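# Breakdown of the fold
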Amino acid sequence: MSSPDWVSVCPSTAIEAGMAGTVSVDGAEEIAVFHTIGGDFYALVNRCPHKGGPLSQGIVHGDSVSCPLHNWKISLNSGEALGDDEGCTPTIPLKVESEQIWLDRAAITTRERV
Amino acid sequence: MNAQTGFKSGAKLGGRERLVVIGNGMAGCRAVEEILALQPDRYAVTIFGAEPRVNYNRIMLSPVLAGEKTFDEIVINSEDWYSANAIKLISGDPVVHIDRKAQQVVSRGGVIESYDKLLIATGSDPFVIPVPGKDLPGVVTFRDFDDVETMLKAAETTQKAVVIGGGLLGLEAAHGLALRGMEVTVLHLMPTLMERQLDEAAGFLLKSELEGRGMTIMTGADTGEIIEKDGRVAGVKLKDGNVIDADLVVMAVGIRPNGTLAKASDLKVERGIVVDDHMVTSDPNVLAVGECVQHRGACYGLVAPLWDMCRSLAAGLTEQPKGYEGSVTSTKLKVSGVDLFSAGDFSGGEDCEDIVMRDAARGIYKRVVVKGDKVVGTVLYGDTQDGNWYFDLLRNEDDISDIREALIFGQAFASGGALADPKSAVAALSDEAEICGCNGVSKGKVVGCINAGAHSLDAVRSQCKASASCGSCTDLVENLLALTLGDDVELGAKTMCKCTSFGHDDVRRLIVEKGMKTIPEVMQELHWSTPDGCSSCRPALNYYLLCALPGEYVDDQKSRFVNERLHANIQKDGTYSVVPRMWGGITNPRELRAIADVVEKYEARMVKVTGGQRLDIFGIKKEDLPAVWADLNAAGMVSGHAYGKALRTVKTCVGSEWCRFGTQDSTGLGVKLEQMSWGSWMPHKFKMAVSGCPRNCAEATIKDFGVICVDSGYELHIGGNGGITVRVTDLLTRVETEEEALEMSAAFVQLYREDAWYLERTAPWVERKGLEWVKSQLLGDPETVPKLAERFRYSQQFSQDDPWAKRAAGERRDLHSHVGSIAAGPPADGAIKEVEPAE
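My aim in this report is to walk through the structure given alongside it, one point at a time.

Procedures and definitions
Each chain carries its own residue numbering, running from 1 in the written order of its sequence. To label them, take the chains in the order written and letter them from A, then take the ligands in the order written and number them from 1. Totals for whole chains, interfaces and linings use every residue, but because this is a predicted model, local features are given only for residues with pLDDT of at least 70 and side-chain atom pairs only at 80 or more, for both listing and counting. With hydrogens and water stripped out, all remaining heavy atoms of the structure feed into the side-chain values. The pairing criterion is simple: DSSP has to find at least two bridges between the two strands. We count a stretch as a helix when DSSP gives it H or I for four or more residues in a row; a strand needs E for two or more, and each element gets its number in order from the N terminus. Orientation is described by lines fitted to C-alpha atoms, with helices fitted over the stretch in contact, and by angles between N-to-C directions that extend from 0 to 180 degrees. Centres within 6.5 Å make a pair out of two Phe, Tyr or Trp rings, where for Trp the six-membered ring is used; the pair is then stacked when the planes are under 30 degrees apart, edge-to-face when over 60, and tilted otherwise. Only protein chains enter the accessibility calculation, which uses a 1.4 Å probe; a residue is then buried when its area is under 20% of its type maximum, exposed when over 50%, and partly exposed in between. Contact between two residues is taken to exist if any of their heavy atoms lie within 4.5 Å; hydrogens are not considered. Simply put, the buried area is the total loss of 1.4 Å probe accessible area from both parts when two parts are fitted together. Each reported salt bridge corresponds to a side-chain nitrogen of Lys or Arg within 4 Å of a carboxyl oxygen of Asp or Glu. We call Asp, Glu, Lys and Arg charged. Ala, Val, Leu, Ile, Met, Phe, Trp, Tyr, Cys and Pro are nonpolar, and the rest, Gly among them, are polar.

### Focus: the sheet that holds strand β15 (residues 223-229) of chain B
All names here are of chain B. Ordered by their spatial adjacency, three strands build an open sheet running β15-β16-β17, and the pairing between neighbours is antiparallel. With one partner strand each, in any of the chains shown, β15 and β17 (243-245) form the two edges of the open sheet. Across this sheet, the average inter-strand angle for adjacent strands is 30 degrees, counted without regard to direction. In this structure, β15 lies alongside strand β16 (residues 232-238), joined through six bridges in antiparallel fashion. If you follow Thr223 over to β16, its bridge partner there is Leu238.

Structure follows, in structure tokens:
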């Protein structure tokens, strides 16, 4: 694996704890950036593995999000569906530095839009 | 490389190598101590310090500010230490230049020292947020003794202090200033105090405690500027326009590694000065230690890692192979009377399991995060006695599988052999032992109650009240049930969700009884087993609080389902549908034109007439929603709440105004009903209808509340549903006038709002409670209906506020736009530069 190609997308204060923001990507799928109530940040492709629901619009609890379409619970850490459901949403490497959210561009732009 | 050129302060002094230390702080001096301990005669040491004083314990500045310690008490190394170890101290004269080729440093005062080894321990700088007014007199940081002196002077002569930053440092500053008699307001950008160290639950407890001591804590407070008056600070203006008066402003928003000097000397500096496991920088003769360094990608701002670093540095400088491997950190807040401890990673994550214990009566919250068979993090509030034990388990990566069940009860309990099994622990209790502190119920009483036939948790709760109040003894009662009955324990009523042992009724009752006001408070008081609930309980609690505290409770957007957050209905492709309100199903050319224009302008893919007599516009993008609403507002239309657990629609037929069979003005009554009840939040969606005659064209008998007009007045029907299970309404009563019909409708709605479980429609609610119960509530006592109706009207004055208009005017623009974007490819030079931290 090559080293991450970090790109800053927004200030870390742009997303309220317990909510998510979206990052549009030219030529690839939208990314959802989550800020948990516990204060952590995660980035996932904004698409539920079930029926493609926008995860960014779900209720965030602990380190998971419930998809707004059919209430599948997705781990923000691994992107895996929790409980008895099966499926996985790609996760995007993220870091918080200098009060900015940074995403790994390589992990994003190599993804084709579906 | 050897020293080559220029002035040298003599040959090696007495054969000693020359070690120059930049920084007379905790890290620099501790490193020297460690080196002296290993090889006292190896180095001749010179220390440069920027502050004009000896080395002191910076983390004890808080107690100095609070008046609990004096400066002399926090001095680590007095002048004797320097002279006893032949250390040359040059204080008040910072190094301004390093000549790595010549192996020399130059101070601001012109002192030149040569070195064989150079140690940089420049620490960190307080971060000053770049707002207008940051340089005004009266604005200070909280970093060194000068800052403390400035604050103490301000406390003597002035009244009001604002501390920006609700982290460790900020709260300690606030505490000290409050003890010195100032009125203190803490402004914290994030919703939770000390969010790096605490979870929401512990943050809530801390906030309540500090507020109880008279501090004002404002979370989500984003500083816009510092206001000036007569050349001094006069207040802080927040970005939301709020102004807080202040004679003193303390900025305690964080620190950043001070790598300025290292960077100017072309050493490798990223976030901090990059070092290896022996704290060696990119130049083998230059080392760095403390808060200024970056080791394996991490920077530290706490004292414990610093000690570890200094040991490794000394080992390296004396050729001993003990490297630094990074530190796991723990935090204690130095505010007297507040017990708070956190360590490791408590954010949860893959495969992590939370063990949570709450004791509302004693204000205790304990959370241990376990991954596999190991403790990975802990947050303790109120009882931190076991903090070090958990921290040891964490650092040693001990296998805790044997004590897992009893882990949360602490070391004494978990290591107690047989007591480690909670069931045997309960069995070992005497009959007189108190099980439920809230209701004073002994073990003997609980067992007696179980033997007398209470075979479920619910039965025990209702018969002897054990665990019926705060629920913290629920585990004990469940163990007693299992001990007494074995497998004959009956599972009780469903709990709200897996996060709590309480059912909806209990939660609703306790919210009112205990006067609880926020979601974290409910979770703490009722011993939630998860740190911040789940997608089932959060929206339910939000509704219960909203219903219990009209006009007072602040709606929690993060506990709202997306439709209620965006005031539109999410569709399978992620776009939204928009339904403007049409009172009683009546519309006019102006509204229809506006809808048609919206459909064309925003390229809505479909318009559909709904079952509730509205027009539903499909395929609107979330970014376009505010503009769509602005256009609809302009034509006089407001939100139709087609997305909410709320009053949806009042469907009507044309009634006596047009229909040859109509007996009353059904459309008129429908409009009045809708105007009375629109905007109200409910346990679930709520639909009404008014039919002008028993032919019932408005299908009123499958609605939550239906009116059938007859010659003699109005039949009022309840509990109908046209969904998965069709249920025809029950006749509640007949009334003669429109006013009575409206009054009864308001009372029924409020009864449902106050009693039903979240996500329970009126149909299953009426079935569960029984029609007779509903009738007895509404028809038994003539006083009840006016009281219920009055409570409904009271609550309505706060909810009849068009959410669309606010959004159209720019409120919560963040919910409708991307936070950022990423362009197609990397920039032309192929490199994306990291931004420099703002100075």
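### What to know about the packing of aromatic side chains
Residue and element names in this part refer to chain B. For the structure on display, the rule yields 16 aromatic pairs over all chains. Arranged with centres 6.4 Å apart and planes meeting at 75 degrees, the rings of Phe341 and Phe391 form a pair that is edge-to-face. Of the two residues, Phe341 sits in strand β24 (residues 340-344) while Phe391 sits in helix α9 (residues 387-396), which places them 50 residues apart along the sequence. For the residue pair Phe341 and Phe391, the accessibility class agrees, reading buried in each case. On the numbers, 5.7 Å between centres and 40 degrees between planes, the contact of Phe686 with Tyr752 is tilted. With Phe686 in strand β35 (residues 686-691) and Tyr752 in helix α22 (residues 738-755), this residue pair connects regions lying 66 residues apart in the sequence. The pair formed by Phe686 and Tyr752 is uniform in burial state, with each residue classed as buried.

### Some details on the interface of chain B and chain A
Listed per partner, the contact involves 50 residues of chain B and 51 residues of chain A. Contact between chain B and chain A buries roughly 4,000 Å² in total, counting both sides, with carbon and sulfur atoms accounting for 57%. Its largest share of buried area at the contact with chain A, chain B owes to Lys558, Val819 and Ile822 of chain B, together 19% of the area lost on that side. The interface formed by chain B and chain A holds three salt bridges in total. Of the charged contacts, one joins Glu16 of chain A and Arg812 of chain B as a salt bridge, the two residues approaching to 2.9 Å between their closest N and O atoms. For the side of chain B that touches chain A, a count of residues per class yields 21 nonpolar, 15 polar and 14 charged.

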